[in-house]
Amino acid sequence: MANDAVVAPDISVTSSSSVPPDPRRWLALAVIAIAQLMVVLDATIVNIALPSAQQALDISTADRQWIVTAYTLTFGGLLLLGGRIADYFGRKRTFLIGLLGFAGASALGGAAVNAGTLFAARGLQGLFGALLAPAALSLITVTFTEARERAKAFGVFGGISGGGAAIGLLAGGVLTEYADWRWCLLVNIPIAILAFAAAIAVVKESKATGDTRYDIPGAVLATAGQVALVYGFTKAATDGWGSGVTISWLASAVVLLGAFLVWEARTAHPLLPLRVLFDRNRGASYLVSILLGAGMLGMFLFMTFYLQQTLGWSAMKSGVAYMPFSGGIIAAAIVASRLLPRTGPKVLMAIGGLLATASMVWLTRLDLDSSYVTAILPSFIAMSFGMGLVFVPLSSLALQGVANHDAGVASAMVNTTQQVGGSLGTALLNTIFTTAVTGYVTDHAREAAPGGAAGQQILQAHAAIHGYNVAFTASAVLLAVATAVVVLMVRNNSGDRSAAQSGDNVPVHIG
């Protein structure tokens, strides 16, 4: 790889008075939103179908996790490279390839006859999702250049990104219970084909100019480092934090990610230009995204187990229980998109973070027979509004002021941080849960002994509740730290806010 200087043009676009807006931009947003919803849904829709898929394909308990992690690891690990490919190869072209590839991988998974085929299909879904997601977000940034319209566009995108996970749980329950688990994968095919056909007509092509070389060593180091980090946390859940295997994987992750940063600082063609990270607001938004992704998994992961295993609800009923969450986050996203030009991102993100933290603290009160209406629903509502108020300004803040040349990689970092945070949060919180359950059983074993098998069953039930409460507490801490980062680091851009209020024409950087 040659060491020529990077040409990163400072391209900005003023308001509609100097550059006419795309007349089909709102149709383009609808197409992009459909594709983004498909990607977000796929992260959770398979979770509800996991027991059925495990039984149908005779997958062992130890290996069933790969149905989820094969997707999240390839998706999160390759997003940075996907963002650069979108920048250089063409955002529309990359978007279209991602759609077709995602549909093909979904077809392979839906037709899987063994575990290996399903795992491979999930990995391919992650790969094409890593092309599709950053292309979608960067297409929005280059299509909507006026402050008010961009805020509305991010409102739609943020609502889908936040509410899609809960909708996926509902859709997974419906498809699994009334059709077949395979439809949790096959449903992507008609969605992708519809979006592909519409995108050809209404989405405009754009790409970065100047240097267009790929940083392959950086991509290898970043992906390997993220995989090692996620796998290290996963091994901690089974082998313990002090085991040689866990320490080896985590140490490898530190070395690989450290080498990645050193390489990015020295190479002339960085996969992740460090200038993208070192902007104060942008760096804060990425850190908040990681913490929110890790903390929010405390609700989705453990509430699903609580509803189905503790309360004995069906997959369908559990999915329906998340509907208020989906509605709340969409409503909050609409509100946030309207308030963002007036208030700026900091106020909305801080309020949202406080609501999310409070909702998780509320869940620490759950017991064996808690009422959905009084103990669970209030938390769902608070969390949904909190996340809606955070997601919209977070997406906008992460891309504010990014040059056209870096729009794809900056977009990829939004998704990367959410995926890595979610993966790490799953492993971390599961380790905390397992440790808490084991400790509770050990401490109360003598009390349960006289009750025989019935006593042991009751002990395990109480131990699970204790584990949930401890995990929710850890999630609340993560969300509280995210809120603190917002308060201490995020700064409002008063110039953009005032311009949006008055309708003045102010330059808006693409990216």
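Since the structure is predicted, the reported quantities are computational estimates derived from the model, not experimental observations. (Residues numbered from 1 in each chain as written. Predicted model: local features only at pLDDT ≥ 70, side-chain atom pairs only at ≥ 80, totals over all residues. Heavy atoms only, no water.)

Engineer: Would you mind going over the overall build of the protein with me for this structure?
Structural biologist: The helix and strand inventory of the protein stands at 18 helices and 2 strands. Across the 511 residues of the protein, 55% fall into the buried class. Long-range pairs, those at least 24 residues apart, make up 85% of the contacts in the protein between residues at least 6 apart in sequence. About 19,800 Å² of surface is accessible on the protein, with carbon and sulfur atoms providing 66% of the total. (Helix = DSSP H or I, 4+ residues; strand = E, 2+ residues; numbered from the N terminus. Buried < 20%, exposed > 50% of the residue type's maximum accessible area, 1.4 Å probe, protein only. Contact = heavy atoms within 4.5 Å. Areas by Shrake-Rupley, 256 points an atom, 1.4 Å probe, with all protein chains shown as cover.)

Engineer: Teacher, can you tell me more about the nonpolar core here?
Structural biologist: One recurring pattern in soluble globular proteins: nonpolar side chains tend to sit buried together. Counting 57 residues, the largest nonpolar core has Met303, Ile376 and Met383 as the members making the most contacts within it. Put simply, the parts of the chain that give this core at least two residues each are helix H11 (280–310), helix H12 (315–321), helix H13 (323–343), helix H14 (345–363), helix H15 (372–399), helix H16 (407–448) and helix H17 (452–489). When residues in this core are grouped by element, the largest group, 14 residues, is from H17. Membership of the second largest hydrophobic core comes to 56 residues, among which are Leu29, Leu80, Leu99 and Ala398. (Core = buried A, V, L, I, M, F, W, Y, C linked by side-chain atoms within 4.5 Å.)

Engineer: Could you clarify how one ought to interpret the side chain of Arg122 in this entry?
Structural biologist: With respect to the secondary-structure elements, Arg122 resides in helix H4 (residues 115–143). Separated by 2.9 Å, the side chains of Arg122 and Gln125 make a polar contact. Beyond its immediate chain neighbours, meaning those up to four positions away, Arg122 contacts Asp42, Val46, Ile67, Val68, Ala70, Tyr71, Thr74 and Leu185. (Polar contact = N/O pair within 3.5 Å; in protein donor to acceptor, adjacent residues only side chain to side chain.)

Engineer: Please explain the packing of aromatic side chains as it appears in this structure.
Structural biologist: Aromatic ring pairs are described here by two measures, namely the spacing of the ring centres and the angle between the planes. Tallying each qualifying case throughout the model produces 10 aromatic pairs. Taking the centre distance of 5.8 Å and the plane angle of 50° together, the rings of Trp313 and Tyr372 count as tilted. Of the two residues, Trp313 sits in the loop between H11 and H12 while Tyr372 sits in helix H15, which places them 59 residues apart along the sequence. A ring pair is formed by Tyr372 and Phe380, whose centres lie 6.3 Å apart and whose planes are at 80°; its orientation type is edge-to-face. Summarising the burial analysis for this pair, Tyr372 and Phe380 share the class buried. Ring pairs connect the aromatic residues Trp313, Tyr322, Phe325, Tyr372 and Phe380, which therefore count as one cluster. (Phe/Tyr/Trp six-rings, centres within 6.5 Å; stacked < 30°, edge-to-face > 60°.)

Engineer: I'm lost on a nonpolar patch on the surface in this one. Help?
Structural biologist: Nonpolar side chains collect at one region of the surface, where Phe89, Ile97, Tyr214, Ile216 and Val220 lie side by side and expose about 420 Å² of accessible area between them. Tracing the chain through its elements places Phe89 in helix H2 (residues 66–89). Owing to a relative accessible area of 32%, Phe89 belongs among the partly exposed residues under this scheme. (Patch = residues over 30% accessible without salt bridge, like charges linked within 9 Å, V, L, I, M, F, W, Y side chains within 5 Å. Salt bridge = Lys/Arg side-chain N within 4 Å of Asp/Glu carboxyl O.)

Engineer: I keep staring at the confidence of the model for the protein and nothing clicks. Help me out?
Structural biologist: Caution is warranted with low-pLDDT regions, since their predicted coordinates should not be read in detail. Mean pLDDT for the protein: 80, with 87% of residues reaching 70 or above. Ignoring residues within four places in sequence, the model shows residues 494–511, a span with pLDDT below 50, making 44 contacts including any to other chains. (pLDDT = per-residue confidence, 0-100.)

Engineer: How should the environment of Thr417 be read in this particular structure?
Structural biologist: Along the polypeptide, Thr417 turns up in helix H16. Taking relative accessible area as the criterion, Thr417 reaches 4% and is therefore assigned buried. If we ignore the near neighbours within four places in the chain, the residues touching Thr417 are Tyr286, Ser289 and Ile290.

Engineer: What am I meant to see in the packing of helix H1 (residues 25–56) against helix H3 (residues 91–110) here?
Structural biologist: A pair of packed helices can be characterised by two numbers: the angle between their axes and the separation between those axes. One way to put it is that H1 packs onto H3 with a least axis distance of 12 Å and a crossing angle of 40°. It follows from the interaxial angle that H1 and H3 lie oblique. Both H1 and H3 take part in a crossing whose hand is left-handed. Here Val31, Ile32, Ala35, Met38, Val39 and Asp42 of H1 come into contact with H3, specifically with Phe95, Leu99 and Phe102. (Axes fitted to C-alpha atoms, helices over the stretch in contact; angles between N-to-C directions. Parallel < 35°, antiparallel > 145°, perpendicular 65-115°, else oblique. Left-handed = near helix turned anticlockwise from the far one by under 90°.)

Engineer: Explain the environment of Met303 to me, please; I cannot follow it from the model alone.
Structural biologist: In this structure, Met303 sits in helix H11. On the accessibility criterion, Met303 (0% relative accessible area) is buried. Met303 sits 19 residues away from Tyr322 along the chain, and the two C-alpha atoms are 9.8 Å apart.

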